[in-house]
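What follows is the residue order along each chain.
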Amino acid sequence: IANWGAIPLLEQTGQIPVGITVDAPEKQQVRAGDAWPPIVVRMIDADGKVIDEAPAGTTIKLVPLTGSQKLQGTTKKTPYGGTAVFSDISYRAVEDVAWGVEVDGPVRLVRYGLVAEVTPGAPAKFEVETPETSIAGQQFGMTVTVRDAFGNLATDYAGEMIVKPLGPLTQSPAPVFATPEDAG
């Protein structure tokens, strides 16, 4: 009869984290489509020190808790040591997004309650609405809407808008000056 000794059911490598710290403001303001400032997540031990090695199989992910869209960029990482840095995160819709951090693996840790206030991105396109038909020689109205690259109203747009007609016998309307008070 051979003596095999004790066989561990699970061989644990790395230190056991008991908490996480997140280097990101609890509420930050960002523009739609722009990269957020880097988010640094550190796993800490019972003494509050960053662990040197995460347990095998550990992943850290950023999760949106509210909002109409997903976070863009790399949202799930395997930590290096006890740290993960997310440097390419963005969001495209103009709205407040509650988000959090989840650590999955042998130990599950979470931190929620972080908010990003997403404002419109840089103006990228103009939408012009005109009547379907008009009578030659008569004036008609038009609406110009300024949007960012993701279709959000560019509410902070300010500048001169000039409409140039395509036909040779048409008159150009006077330039219009938009201000942020026009709200896109």
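These lines cover the structure that appears in this document, whether it is placed above or below.

Definitions and limits used
- Residues numbered from 1 in each chain as written.
- Predicted model: local features only at pLDDT ≥ 70, side-chain atom pairs only at ≥ 80, totals over all residues.
- Heavy atoms only, no water.
- 1 Å grid on protein atoms, 1.4 Å probe; cavity = no way out; pocket = protein on both sides within 12 Å on 5 of 7 lines; lining within 4 Å.
- Points joined across faces, edges and corners; volume = space filled by probe spheres on them.
- Nonpolar A, V, L, I, M, F, W, Y, C, P; charged D, E, K, R; others polar.
- Patch = residues over 30% accessible without salt bridge, like charges linked within 9 Å, V, L, I, M, F, W, Y side chains within 5 Å.
- Areas by Shrake-Rupley, 256 points an atom, 1.4 Å probe, with all protein chains shown as cover.
- Salt bridge = Lys/Arg side-chain N within 4 Å of Asp/Glu carboxyl O.
- Helix = DSSP H or I, 4+ residues; strand = E, 2+ residues; numbered from the N terminus.
- Buried < 20%, exposed > 50% of the residue type's maximum accessible area, 1.4 Å probe, protein only.

## Concerning the layout of surface pockets
Here's step 1: By volume, the largest pocket amounts to about 680 Å³.
Here's step 2: Here the lining of the largest pocket is built from residues that sort into 14 nonpolar, nine polar and one charged.

## Brief notes about a nonpolar patch on the surface
Here's step 1: A cluster of nonpolar side chains, namely Leu 65, Val 110 and Tyr 112, defines an oily patch on the protein surface of about 250 Å² accessible area.
Here's step 2: Structurally, the position occupied by Leu 65 is in the loop between strand 4 (59-64) and strand 5 (76-77).

## Comments concerning the pattern of salt bridges
Here's step 1: For the structure on display, the rule yields seven salt bridges.
Here's step 2: For Glu 102, the salt bridge is made with Lys 61, and the minimal N-O distance between the two is 3.8 Å. Of this pair, Glu 102 sits in strand 7 (residues 96-104) while Lys 61 sits in strand 4, and the two are 41 residues apart along the sequence.
Here's step 3: Using a relative accessible area of 12% as the deciding quantity, one classes Glu 102 as buried.
Here's step 4: Between Asp 104 and Arg 108 there is a salt bridge, with its nearest N and O atoms 2.5 Å apart.
Here's step 5: Overall, the relative accessible area of 22% leaves Asp 104 in the partly exposed class.
Here's step 6: Here the salt bridges share partners, and the residues they tie into one network are Lys 61, Glu 102, Asp 104 and Arg 108.

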